[in-house]
Amino acid sequence: MSDCLGKNGFVSILAHELRSQLAPVKTIAELLKIAAVDSATARRMADVVDRQVNGMARLIDDLLDAASLENGSVKLQRSAATLSGIVDRALEIAGPVVAARGHKLVVHMPPEPILLEADAVWLSQALQNVIGNAAKYTNPGGLIRIVCVREEDKAVITVRDTGIGIARAQLDSIFDLYFRAGHAEAQRSVKGLGIGLYVARALIEAHGGTIRAASPGPDCGSELTIRLPCEPLEADRG
Ligand SMILES: Nc1ncnc2c1ncn2[C@@H]1O[C@H](COP(=O)(O)OP(=O)(O)OP(=O)(O)O)[C@@H](O)[C@H]1O
Ligand SMILES: [Mg+2]
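Owing to the predicted nature of the structure, the values given are computational and were not obtained by experimental measurement.

What counts, and at which threshold
Residues numbered from 1 in each chain as written. Chains lettered and ligands numbered in written order. Predicted model: local features only at pLDDT ≥ 70, side-chain atom pairs only at ≥ 80, totals over all residues. Heavy atoms only, no water. Salt bridge = Lys/Arg side-chain N within 4 Å of Asp/Glu carboxyl O. Helix = DSSP H or I, 4+ residues; strand = E, 2+ residues; numbered from the N terminus. Buried < 20%, exposed > 50% of the residue type's maximum accessible area, 1.4 Å probe, protein only. Axes fitted to C-alpha atoms, helices over the stretch in contact; angles between N-to-C directions. Left-handed = near helix turned anticlockwise from the far one by under 90°. Contact = heavy atoms within 4.5 Å. Nonpolar A, V, L, I, M, F, W, Y, C, P; charged D, E, K, R; others polar. Pairing = 2+ DSSP bridges.

1. Here we look at the pattern of salt bridges
Stage number 1. According to the stated counting rule, one finds eight salt bridges in the structure shown.
Stage number 2. Between lysine 26 and glutamate 30 there is a salt bridge, with its nearest N and O atoms 2.9 Å apart. Of this pair, lysine 26 and glutamate 30 are both found in helix α1 (residues 6-34), four residues apart, which corresponds to roughly one turn of the helix.
Stage number 3. Exposure remark for glutamate 30: the relative accessible area of 34% places this residue in the partly exposed category.
Stage number 4. In this structure, the salt-bridge partner of arginine 58 is aspartate 119, at a minimum N-O distance of 2.9 Å. Of this pair, arginine 58 sits in helix α2 (residues 39-64) while aspartate 119 sits in the loop between β3 (115-118) and α5 (120-136), and the two are 61 residues apart along the sequence.
Stage number 5. By sharing partners, the salt bridges in this structure join Lys26, Glu30 and Lys33 into a single network.

Below you can see the structure in the form of structure tokens.
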């Protein structure tokens, strides 16, 4: 993340990301209070809690890391990851937000797995911010489509919504720290700090990728496209 962020900016960004990981854990706690669950469901819930708690532990480690605090930066821990694993992990966090607003969610994954050398914890944080926005800035009952494809040596993730859209003049500014469009009625009713997309772009760029926004205009929906370097197809390896 940018060097000019400084200690306070970095701490508020980590706090923002930690908060999002609490959401699925809280949802599971609520469910366990009201419903009797069978052992297979309990096992799946335990897996989600386990993954999110491990993710939070990673973020807290970064927060405690004195060197990171001095630089205002995150150290990526890259390892072999699949794009579908990253999307699933992002949906564990953002899925409850999508469901709470009554949106239909459609996910398209190619049959051939897309492999990345990536920090899955931080990359799924980036993606959950984008999906969370699609849910927040779309009036209840909308449609959110996540389409993943390979384009040569790039993994491409497109998150499209049927929401309030983005004015042409703001398509680049939405990635600025603390930027919020703030004009539309629908926008005023949802809470936000203007941190999520700044974090998403910083993390995607740290992976050698890009993120761009497109929208036909206000009330016509938005499309966020993430491109990330990926491993070559098995058949193309030397
Ligand atoms: N899918 C979208 N549709 C319409 N506007 C969007 C969308 N995604 C982002 N925006 C606009 O970009 C701004 C910045 O997004 P960002 O995620 O950085 O911050 P936020 O959602 O306001 O707050 P938070 O830090 O809690 O995520 C939003 O306030 C909103 O105006
Ligand atoms: Mg946001």
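2. Details of the packing of α5 against helix α7 (residues 196-206)
Stage number 1. Across the interface, α5 lies against α7 with an axial gap of 9 Å and an inter-helix angle of 145 degrees. Note that α5 runs across α7; the crossing there is left-handed. Two secondary-structure elements touch here, α5 through Trp122, Leu123, Ala126, Asn129, Val130 and Asn133 and α7 through Gly196, Leu197, Val199, Ala200, Leu203 and Ile204.
Stage number 2. Of the residues in the contact of α5 with α7, the class split is nine nonpolar, three polar and no charged.

3. A few points about the packing of helix α4 (residues 83-100) against α5
Stage number 1. Between α4 and α5, the shortest axis-to-axis distance is 8 Å and the interhelical angle comes to 35 degrees. As for how α4 packs across α5, the hand of that crossing is right-handed. Counting all contacts with α4, which are made through Ile86, Val87, Arg89, Ala90, Leu91, Ile93, Ala94, Val97 and Val98, the residues of α5 involved are Ala120, Val121, Leu123, Ser124, Gln125, Leu127, Gln128, Ile131, Gly132 and Ala135.
Stage number 2. Classifying every residue of the contact of α4 with α5 by side-chain character gives 14 nonpolar, four polar and one charged.

4. Digging into the sheet that holds strand β5 (residues 154-160)
Stage number 1. Reading across the sheet, the five strands line up as β2-β4-β5-β7-β6 and stay open at both edges, with mixed pairing between neighbours. Sheet topology places β2 (104-108) and β6 (210-214) at the edges, where each strand pairs with a single neighbour. Mean inter-strand twist for the sheet, computed between neighbouring axes without regard to direction, equals 15 degrees.
Stage number 2. Sheet topology note: the β6/strand β7 (residues 223-229) ladder contains five bridges and is antiparallel. From the neighbouring strand, isoleucine 211 faces β7, where its bridge partner is isoleucine 226.
Stage number 3. Against the sheet, α5 engages β4 (143-151), β5, β6 and β7, with an angle of about 25 degrees to β5.

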